[in-house]
Amino acid sequence: MDALDLARWQFGIVTTYHFLFVPLTIGLSALVAVMQTVWYRTGNPKYLQMTKFWGKLFLINFAMGVVTGIVQEFQFGMNWSDYSRFVGDVFGAPLAMEGMFAFFLEATFLGVWIFGWDRLPRLVHLASIWAAAIGTSLSAYFILAANSWMQHPVGFQINPDRGRAELTSIWAVLTNSTTLAAFPHVITSCFVTAAAFIIGISAWHLARKRHVDSMRTSLRLGMVVAVVAGAGVAISGDAQAKIMTEQQPMKMAAAEALYQTSAPASFSLFTIGSLDGQEEVWSLRVPRLLSYLADGSFDAEVEGIDDLQADYERRYGPGSYRPVIPVTYWSFRLMIGFGLVTVVLGLLGLWLTRRRRMPGSPWFWRVAVWTLPFPLIANSFGWIFTEMGRQPWVVFGELFTRDGVSPTVPGWQVLASLLGFSLLYLVLAAVEVGLLVRYVKAGPPEEDGHDADEAAADDRAQPMTFAY
């Protein structure tokens, strides 16, 4: 492989690895804030236990997310200097706003929350975790604004003398229709991810009849969030699909491996045939569904890959404008499938645990534990589809991916950094898993109800301790 292929592999690996931590951080921050709010309002020590337990796991995940995110930004200068030169004037604005406003808000108040347990009034301490949670969501918005500009560039002009894009309206970038559609989809998927995390760990403890009171409440909270947020993912995903079809019709055609323009167009749930979808042996299809996903009408016409290829050649010149069809086709379905399993588990769990019942069969606990990573897998496939479906563009309609790579960095250097980062990430993964397993097995701290009532009366909380 040449430097371009290696640079693409490195960016894909680093970004996918980093995004394993992001949705869990965003979702858990808000849910921990909810738990602490309930404890503040009720004084029930069970919710203090939950806040401290899930708060520890949230902080471990947050720390790993920060470390891996720094590496991701280094790559812009390392392997993608021509891309950075082209987009820097536009791309840098939302990223700078993310660092100056969102990340500092998040990190500052998270520090206040960690060290303020035995020092701050309860209301002020509660406000600090809400500020941190708001900061995580703001951070996601600014980063999505930068990414959405790559999908649908707005608010800029090309400087022909300098050969780069220059910002003309930051408001246009921040209110990009792609951003407004992507943000609710990403945030709701973050809550599904956090819900599955809570469900799986709670199920592990309940299967062993440990910490039953707090874990039963955590389990029910996770199930409710999974169902509600899952509905939000579906609704926002439908809106995002329609905007995607309008702005990048090739991506929608590639999601179905639809080569010929069709009206109406069906959606295949599963297909047996050639990997690129050109030769089909058998397919399980939902009639007219692709038309609805693309345009909101069951009779709408959906442009095919071949027609779009011819149109792009007329507009942009000779070349292949087809993404890797097997990747887009299957990543789109795996994204939907893995995400749907968690929502179904939440619905089933709410039914089985109604009226304070507990499932008697061990199969439910096993399923709940093993499906814990499913939303993380769905998120990863979703981003693979989003980024791979845009190819061969790194900025749609403006800059090809091949033109964004660093021209003076040889392939062996990219390979060396790729292997180095991969080794580093294996070490970090071992640290992350080890810390999470250690604190999950330890369970929530045992709180004395009398002591908790004293803390409420004194307007103080017991200190949160960490061993790492």
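To be clear, the structure that these remarks concern was listed above.
Here we summarise the structure given alongside this text. (Residues numbered from 1 in each chain as written. Predicted model: local features only at pLDDT ≥ 70, side-chain atom pairs only at ≥ 80, totals over all residues. Heavy atoms only, no water.)

## Section: the overall build of the protein chain
Part 1 of the argument: The secondary structure content of the protein chain amounts to 16 helices and six strands.
Part 2 of the argument: For the protein chain, the C-alpha radius of gyration of 24 Å lies close to 23 Å, the compact-globule estimate for 468 residues.
Part 3 of the argument: Dimensions along the principal axes, computed over C-alpha positions, put the protein chain at roughly 75 × 50 × 40 Å.
Part 4 of the argument: When burial is assessed residue by residue, the protein chain has 51% of its 468 residues classed as buried.
Part 5 of the argument: As presented, the protein chain carries roughly 21000 Å² of accessible surface, and 65% of it is formed by carbon and sulfur atoms.
Part 6 of the argument: Put simply, the protein chain has 33 plus and 37 minus side-chain charges, and the middle of one group is 11 Å from the middle of the other. (Helix = DSSP H or I, 4+ residues; strand = E, 2+ residues; numbered from the N terminus. Rg over C-alpha atoms; globule rule 2.2 N^0.38 Å. Buried < 20%, exposed > 50% of the residue type's maximum accessible area, 1.4 Å probe, protein only. Areas by Shrake-Rupley, 256 points an atom, 1.4 Å probe, with all protein chains shown as cover. Lys, Arg positive; Asp, Glu negative; His and termini not counted. Charge placed at Lys NZ, Arg CZ, Asp CG, Glu CD.)

## Digging into a nonpolar patch on the surface
Part 1 of the argument: Together, Leu-269, Phe-270, Ile-272, Val-281, Trp-282 and Leu-284 give the surface a local cluster of nonpolar side chains, amounting to about 600 Å² of exposed area.
Part 2 of the argument: Structurally, the position occupied by Val-281 is in strand β4 (residues 280-286). (Patch = residues over 30% accessible without salt bridge, like charges linked within 9 Å, V, L, I, M, F, W, Y side chains within 5 Å. Salt bridge = Lys/Arg side-chain N within 4 Å of Asp/Glu carboxyl O.)

## Focus: the pairing of strand β2 (residues 164-167)
Part 1 of the argument: Note that strand β1 (residues 156-159) and β2 share four bridges and pair antiparallel. Across the sheet, residue Asn-159 finds its bridge partner in β2, namely Arg-164.
Part 2 of the argument: Linking β1 back to β2 in an antiparallel pair, the connection comprises four residues, with Gly-163 at a positive phi of about 65°. (Pairing = 2+ DSSP bridges.)

## Quick look at the environment of Ser-331
Part 1 of the argument: Considering the arrangement of structural elements, one finds Ser-331 in helix α12 (residues 325-352).
Part 2 of the argument: Sequence separation between Ser-331 and Thr-408 is 77 residues; the distance between their C-alpha atoms is 33 Å.
Part 3 of the argument: Look past the residues within four positions of Ser-331 in its chain and what remains in contact with it is Phe-381, Ile-384 and Phe-385. (Contact = heavy atoms within 4.5 Å.)

## Topic: the environment of Gly-116
Part 1 of the argument: Along the chain, Gly-116 falls in the loop between α4 (81-115) and α5 (122-151).
Part 2 of the argument: Under the relative-accessibility criterion, Gly-116 is labelled buried at 3%.
Part 3 of the argument: A C-alpha to C-alpha distance of 9.0 Å links Gly-116 and Ser-128, two positions twelve residues apart in sequence.

## Observations regarding the packing of aromatic side chains
Part 1 of the argument: Going through the model one piece at a time under the given rule, you end up with 30 aromatic pairs.
Part 2 of the argument: The interplanar angle of 80° and the centroid separation of 5.4 Å between the aromatic rings of Trp-149 and Phe-156 together place this pair among those described as edge-to-face.
Part 3 of the argument: Overall, the relative accessible area of 1% leaves Trp-149 in the buried class.
Part 4 of the argument: Through pairs of rings, three or more aromatic residues link up here, namely Tyr-312, Tyr-316, Tyr-321, Trp-393, Phe-396 and Phe-400.
Part 5 of the argument: Above the ring of Trp-39, the side-chain terminus of Arg-122 is found at 5.0 Å from the ring centroid.
Part 6 of the argument: Cation over ring: Arg-354 sits above Trp-351, and NZ or CZ is 3.6 Å from the ring centre. (Phe/Tyr/Trp six-rings, centres within 6.5 Å; stacked < 30°, edge-to-face > 60°. Lys NZ or Arg CZ within 6 Å of the ring centre and 35° of its normal.)

## Some words on the pattern of salt bridges
Part 1 of the argument: Scanning all chains against the criterion turns up twelve salt bridges.
Part 2 of the argument: The partner of Arg-164 in a salt bridge is Glu-166, with the nearest N and O atoms 3.6 Å apart. By the burial criterion, Arg-164 is buried, and Glu-166 matches it.
Part 3 of the argument: Via salt bridges that share partners, Glu-256, Arg-285 and Arg-333 belong to a single interconnected network.

## Here's the deal with the packing of helix α3 (residues 45-78) against α4
Part 1 of the argument: Running from N to C, α3 and α4 point in directions that differ by 160°, and their axes come no closer than 12 Å. One element, α3, and the other, α4, form an angle in the roughly antiparallel class. For the crossing formed where α3 meets α4, the hand is left-handed. Mapping the contact onto sequence places Thr-51, Gly-55, Phe-58, Leu-59, Phe-62, Val-66, Phe-76 and Gly-77 in α3 and Ser-81, Tyr-83, Ser-84, Phe-91, Phe-103, Glu-106, Leu-110, Trp-113 and Ile-114 in α4.
Part 2 of the argument: For the contact of α3 with α4, the per-class residue count stands at eleven nonpolar, five polar and one charged. (Axes fitted to C-alpha atoms, helices over the stretch in contact; angles between N-to-C directions. Parallel < 35°, antiparallel > 145°, perpendicular 65-115°, else oblique. Left-handed = near helix turned anticlockwise from the far one by under 90°. Nonpolar A, V, L, I, M, F, W, Y, C, P; charged D, E, K, R; others polar.)

## Some points on the nonpolar core
Considering soluble globular proteins, one finds that nonpolar side chains tend to be buried as a cluster.
Part 1 of the argument: Grouped together as the largest cluster of nonpolar side chains are 48 residues, with contacts concentrated most on Trp-54, Leu-57, Leu-110, Ile-129, Phe-197 and Ile-201.
Part 2 of the argument: Residue contacts for Ile-129: discarding those within four places in its chain leaves Ser-29, Val-32, Ala-33, Gln-36, Phe-58, Leu-110 and Trp-113.
Part 3 of the argument: With 24 residues, the next largest nonpolar core counts Ala-146, Trp-149, Val-173 and Val-395 among its residues. (Core = buried A, V, L, I, M, F, W, Y, C linked by side-chain atoms within 4.5 Å.)

## Considering helix α14 (residues 374-388)
Part 1 of the argument: Helix length check: α14 (15 residues) gives 21 Å between terminal C-alpha atoms against 21 Å at 1.5 Å per residue, within 8%.
Part 2 of the argument: When we look at burial in α14, the residues that qualify are Pro-375, Leu-376, Ala-378, Asn-379, Ser-380, Gly-382, Phe-385 and Thr-386. (Expected span 1.5 Å × (residues − 1).)

## Thoughts on the packing of helix α2 (residues 22-42) against α3
Part 1 of the argument: Packing of α2 against α3 brings their axes to within 9 Å, and their N-to-C directions diverge by 160°. One element, α2, and the other, α3, form an angle in the roughly antiparallel class. α2 and α3 meet at a crossing whose hand is left-handed. Across the interface between the two elements, Leu-24, Thr-25, Leu-28, Ser-29, Val-32, Met-35, Gln-36, Val-38, Trp-39 and Thr-42 of α2 pack against Pro-45, Tyr-47, Leu-48, Met-50, Thr-51, Trp-54, Gly-55, Phe-58, Asn-61 and Phe-62 of α3.
Part 2 of the argument: Residue composition of the contact of α2 with α3, by class: 13 nonpolar, seven polar and no charged.

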